[in-house]
Amino acid sequence: MSSARLLPGAPVAEQVLSEVAASVAELRAAGVTPALATVLVGDDDASAGYIRIKQRQAAELGFVSPHVHLAASASQADLHAVLADFNADKSVHGVLVQYPIPGRLDYDRALAELDPDKDVDGMHPVNMGRLALGLPGPLPCTPAGIEALLAFHGVPVAGREVVILGRGATLGRPLAMLLAQKRPTANAAVTVVHTGVADWPRYTRRAEILVAAAGVPGIVRPEHVRPGAVVVGGGVRYEGRRLLPDVDESCAEVAGAITPRVGGVGPTTVAMLFRNAVDAARRQAGLG
Ligand SMILES: NC(=O)c1ccc[n+]([C@@H]2O[C@H](COP(=O)([O-])OP(=O)(O)OC[C@H]3O[C@@H](n4cnc5c(N)ncnc54)[C@H](OP(=O)(O)O)[C@@H]3O)[C@@H](O)[C@H]2O)c1
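The rules we used
Residues numbered from 1 in each chain as written. Predicted model: local features only at pLDDT ≥ 70, side-chain atom pairs only at ≥ 80, totals over all residues. Heavy atoms only, no water. Phe/Tyr/Trp six-rings, centres within 6.5 Å; stacked < 30°, edge-to-face > 60°. Buried < 20%, exposed > 50% of the residue type's maximum accessible area, 1.4 Å probe, protein only. Helix = DSSP H or I, 4+ residues; strand = E, 2+ residues; numbered from the N terminus. Pairing = 2+ DSSP bridges. Salt bridge = Lys/Arg side-chain N within 4 Å of Asp/Glu carboxyl O. Core = buried A, V, L, I, M, F, W, Y, C linked by side-chain atoms within 4.5 Å. Contact = heavy atoms within 4.5 Å. Near = heavy atom within 4 Å. Polar contact = N/O pair within 3.5 Å; in protein donor to acceptor, adjacent residues only side chain to side chain. Nonpolar A, V, L, I, M, F, W, Y, C, P; charged D, E, K, R; others polar. Axes fitted to C-alpha atoms, helices over the stretch in contact; angles between N-to-C directions. Parallel < 35°, antiparallel > 145°, perpendicular 65-115°, else oblique. Left-handed = near helix turned anticlockwise from the far one by under 90°.

Enquirer: Which parts of the structure should I look at to understand the packing of aromatic side chains?
Expert: Any aromatic ring pair is given by two values, namely how distant the centres are and how the planes are angled relative to each other. A full pass over the atoms with the stated rule returns 2 aromatic pairs. When the centroid spacing of 4.8 Å and the interplanar angle of 80° are considered together, the rings of tyrosine 99 and tyrosine 107 count as edge-to-face. We classify tyrosine 99 as exposed; its relative accessible area is 54%. Residue classification places tyrosine 107 among the buried positions, given a relative accessible area of 15%.

What follows is the structure, given as structure tokens:
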């Protein structure tokens, strides 16, 4: 039977989004209408659905969302032209390119074309550089969401041993940089393990906080978890609409606290996107 405390993402997201809504209202009162532009390429139903959800949420929070839908046949240059227009448009503060885009297009190249100050995913190379240097800028959403989740649930991070399984660009690598920063909600001793560390369980078994960021369903099992540790499931793989998490459910029998199978890191990731968007609007409006 599970004894681990659950660490849901929904209340964290709710708190972040209420702060975002207040910040949007403040901007509007100052005569600035925050705009989060969205770009969809192609006709993938799931991507179209995700973008609709984000647009609805943006509207609820008080953003306007100019939208461009490019045909599946669009070229890389077409996509770059859309981004150049949004870069030049002073009424647009943030731009979201829904991932994935059709396979023959290069997402990273397109992202590099975006004005880094309008990058709400926090994944532009300049923003990764800012993160590495500890400079202000939009943070990658999933890592920022994990830091917020731990802080919200009162999980101390400072001075503790965090082990991250995975060094991918969206999750493991930026999370390691974030949690090693000198701030009260970070300041951890961070170790990153990956396929180059054959005996990675040696490290995860000593972690006070273990973050799964591999994208390999069920890779983290109870024998990889230190009894009483905090386990955060970041890595997931989708098989169709079925979500397969990295963390095997039985880890709850060993962990002291654990994110739920569904509704852990996901909601906090989306909330951080809107936080980046409103922060971008504030900075561009000269309001902080
Ligand atoms: N919940 C959310 O909202 C959210 C948001 C974003 C991403 N994610 C998920 O987070 C995961 C990571 O994303 P990413 O883009 O950073 O992934 P990625 O680039 O694919 O990186 C995966 C990492 O896991 C390591 N790994 C894979 N299999 C392993 C194994 N058998 N043993 C040890 N290490 C292994 C890889 O090691 P090598 O480097 O040695 O190959 C790599 O460093 C994905 O599952 C993604 O879906 C979730």
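Enquirer: Is there a simple way to think about the pairing of strand β4 (residues 94-97) in this case?
Expert: Two faces make up the sheet, and in a regular strand the side chains alternate between them. The two faces of β4 match: Gly94 and Leu96 on one face and Val95 and Val97 on the other face are all buried. By the bridge criterion, 4 bridges tie strand β2 (residues 36-41) to β4 in an arrangement that is parallel. Within the sheet, the bridge partner assigned to leucine 36 lies in β4 and is glycine 94.

Enquirer: I keep staring at the pattern of salt bridges and nothing clicks. Help me out?
Expert: Close approach of charged atoms lets side chains of opposite charge pair. Throughout the structure, instances matching the rule amount to 9 salt bridges. With a shortest N-O distance of 2.7 Å, arginine 206 and glutamate 161 are connected by a salt bridge. In this pair, arginine 206 sits in the loop between α8 (201-204) and β7 (209-212) while glutamate 161 sits in strand β5 (residues 161-165), placing the two residues 45 residues apart along the sequence.

Enquirer: Before we go on, may I ask you to explain the nonpolar core in this structure?
Expert: One recurring pattern in soluble globular proteins: nonpolar side chains tend to sit buried together. Phe63 and Phe274 are the most contacted members of the largest nonpolar core, which totals 44 residues. Only α1 (10-29), α2 (45-61), α6 (141-152), β5, α7 (172-179), β7, β8 (230-233) and α9 (265-284) provide two or more residues apiece to this core. The biggest single contributor to this core is α9, with 8 residues. Leave out the neighbours within four places in its chain, and phenylalanine 63 touches Val20, Val24, Pro34, Ala35, Leu36, Ala58, Phe274, Ala277 and Val278.

Enquirer: Honestly, the site of the ligand in this entry has me stumped. Any pointers?
Expert: As a matter of local geometry, the ligand sits amid 22 residues, with Arg167, Thr170, Thr195, Gly215 and Val236 nearest to it. A distance of 2.3 Å separates an oxygen atom of the ligand from a polar atom in the side chain of threonine 195. Residues belonging to the shell around the ligand are distributed by class as follows: 10 nonpolar, 11 polar and 1 charged.

Enquirer: I'm lost on the packing of α6 against α7 in this one. Help?
Expert: When two helices pack together, their arrangement is given by the angle between the helix axes and by the axis-to-axis distance. Here α6 crosses α7 at 45°, and the two axes come no closer than 8 Å. Compared by their axis directions, α6 and α7 come out oblique. In this structure, α6 meets α7 at a crossing whose hand is right-handed. Taken together, the residues of α7 that come into contact with α6 (itself represented by Pro143, Ala144, Ile146 and Glu147) are Pro174, Leu175, Leu178 and Leu179. The class makeup of the residues in the contact of α6 with α7 is 7 nonpolar, no polar and 1 charged.

Scope: geometric values only; no functional claims are made or implied.
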